[in-house]
Amino acid sequence: FLPHLVASMEEVEQTYIMIKPDGVQRGLVGEIISRFERKGFKLTGLKLFQCPKELAEEHYKDLQSKPFFPKLIDYITSGPVVFCIFANLVNCIYFGKAWEGVGVVASARKLIGATNPLNAEPGTIRGDLAVQTGRNVVHGSDSPDNGKREIGLWFNEGELCAWAAALEPWLVE
Ligand code: UDP
Ligand code: MG
C-alpha cells in the first residue's frame, strides 16, 4: 500500500513554470518538462492554454513600465502556452518535512538560465535551446511568493495534484 495523495502541499515550496508560445511551436514541451523531472522535482499541475491578454498583463504586471512590455504581451498571447507547477520533494513517502536546501524556485531559475539566452550557460534550458531574450522559451517564478501568486493566477482550486512519489526516498534523505 502506498499513499498516492498527500494531505497538504502548504509547507512545500512550489514554482510556476510556463513554456512560452515559441517553446510550444518548436516542439520543446517534452524536452523542457523532462529537465525538471530528471532533476528530481515533482510535477503537481499541468495545462495547455492560449493566454488572454488580461492574464498576460496581470502575470507580468511588475514589468508594465518597461519599453518591451507591449511586445512581451504580444509574444505571450501569440499561441498556446503550457504551464506547470513543480514542487520541492519531501523527505518521506508519507507527507513529511519539505526538503531543506536550495528550494525548487531558485533551482528552477538555475536550470532555466539567464534571461538573455546568449548569456545563459550551456546546459541550461535557455543556454541550450534559445538565442534571443524576446524568444527565450520558458518562464520560471523568481521567488516563492511570486510562485504562489502566479500559481493562483493560472490554476483554479482543485487543479493541483498533491501526490507522494515512490522515488522520493531515493532523491532526498
Ligand atoms: N524581456 C524582453 N526584453 C527585455 C527583458 C525581458 O523581451 O529586455 C522579456 C523576456 O521574455 C523575459 C520576460 O520579458 O523572459 C520577463 O522579464 P524578466 O526580467 O522577468 O526575465 P525572466 O525572469 O524571464 O528571466
Ligand atoms: Mg521574471
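As recorded in an unreviewed UniProt entry, the protein chain goes by Nucleoside diphosphate kinase and comes from Solanum lycopersicum. Quoted verbatim from the Cofactor (unreviewed entry) heading of the UniProt record, the comment on the protein chain is "Mg(2+)". Regarding the protein chain, the UniProt comment filed under Function (unreviewed entry) reads as follows: "Major role in the synthesis of nucleoside triphosphates other than ATP. The ATP gamma phosphate is transferred to the NDP beta phosphate via a ping-pong mechanism, using a phosphorylated active-site intermediate."

Turning our eyes to something else, we now look at the overall build of the protein chain. Check the secondary structure of the protein chain and you find eight helices and four strands. Taken from N to C terminus, the helices and strands of the protein chain fall in the order β-α-α-β-α-α-β-α-α-β-α-α. Looking at the 173 residues of the protein chain, the share that counts as buried comes to 33%. Partitioning the contacts of the protein chain with sequence separation of at least 6, the portion at a separation of at least 24 is 71%.

With that settled, the discussion passes to unusual backbone geometry. Residue Val 137 is not a glycine yet carries a positive backbone phi of 60°. By the C-beta count within 10 Å, which is 24 here, Val 137 ends up buried.

Further remarks concern the site of ligand 1. Taken together, the neighbourhood of ligand 1 is formed by Leu 63, Phe 68, Leu 72, Thr 115, Thr 133, Gly 134, Asn 136, His 139 and Asp 142. In terms of residue class, the shell around ligand 1 is built from three nonpolar, five polar and one charged.

What follows is about helix H5 (residues 104-112). An α-helical segment advances 3.6 residues per turn. Residues three or four places apart therefore align on the same side. Buried within H5 we find Val 104, Val 105, Ser 107, Ala 108, Leu 111 and Ile 112. Along the axis of H5, the buried residues cluster in a sector spanning 165°; they form a single face. Of the surrounding elements, those touching the buried residues of H5 are strand S1 (14-19), helix H2 (29-39), strand S3 (80-87), helix H6 (125-129), strand S4 (138-140) and helix H7 (144-154). Where H5 ends, the next residue or the one after it, Gly 113, has phi of about 95°, a positive value.

Inspection of the secondary structure puts Arg 126 in helix H6. It is 7.0 Å that separates the C-alpha atoms of Arg 126 and Val 137, two residues lying eleven residues apart in sequence. Arg 126 has contacts with Ile 112, Gly 113, Ala 114, Pro 117, Ala 120, Asn 136, Val 137 and Val 138, leaving out every residue within four places of it along the chain.

A few words now on the environment of Ala 120. Note that Ala 120 resides in the loop between H5 and H6. With ten residues separating them in the primary sequence, Ala 120 and Lys 110 have C-alpha atoms 9.5 Å apart. Setting aside anything within four residues of it in sequence, one finds Ala 120 in contact with Gly 113, Ala 114, Arg 126 and Gly 127.

This part is about the nonpolar core. In terms of nonpolar packing, the biggest core is built from 29 residues, with Ile 17, Ile 19, Phe 83, Phe 86, Ala 108 and Val 138 touching the most fellow members. Within the residue set of this core, elements represented by two or more residues are S1, H2, S3, H5 and H6. When neighbours within four sequence positions are excluded, Ala 108 is seen to be in contact with Thr 15, Ile 17, Phe 36, Phe 86 and Gly 140.

Let us look at the UniProt feature "binding site: ATP" (unreviewed entry) in the protein chain. Annotation from UniProt places "binding site: ATP" (unreviewed entry) at Lys 20, Phe 68, Arg 109, Thr 115, Arg 126 and Asn 136. Relative to the helices and strands, Lys 20 is located in the loop between S1 and helix H1 (21-25). The exposure class of Lys 20 is buried, given the 25 C-beta atoms found within 10 Å. Non-local contacts of Lys 20, meaning those with residues more than four positions away in its chain, are made with Ile 76, Val 81, Val 137, Val 138 and His 139. You can call Thr 115 exposed: it has 10 C-beta atoms within 10 Å. Sequence-distant contacts of Thr 115, defined by excluding residues within four places in its chain, comprise Thr 133 and Asn 136.

Cut-offs used in this document
Residues numbered from 1 in each chain as written. Chains lettered and ligands numbered in written order. Predicted model: local features only at pLDDT ≥ 70, side-chain atom pairs only at ≥ 80, totals over all residues. UniProt positions renumbered as here; feature names shortened; annotations may be inferred. Helix = DSSP H or I, 4+ residues; strand = E, 2+ residues; numbered from the N terminus. Buried ≥ 20, exposed ≤ 12 C-beta atoms within 10 Å, placed from the backbone. Contact = placed C-beta atoms within 7 Å. Near = placed C-beta within 6 Å. Nonpolar A, V, L, I, M, F, W, Y, C, P; charged D, E, K, R; others polar. Arc of directions from axis to C-beta. Core = buried A, V, L, I, M, F, W, Y, C linked by C-beta atoms within 7 Å.

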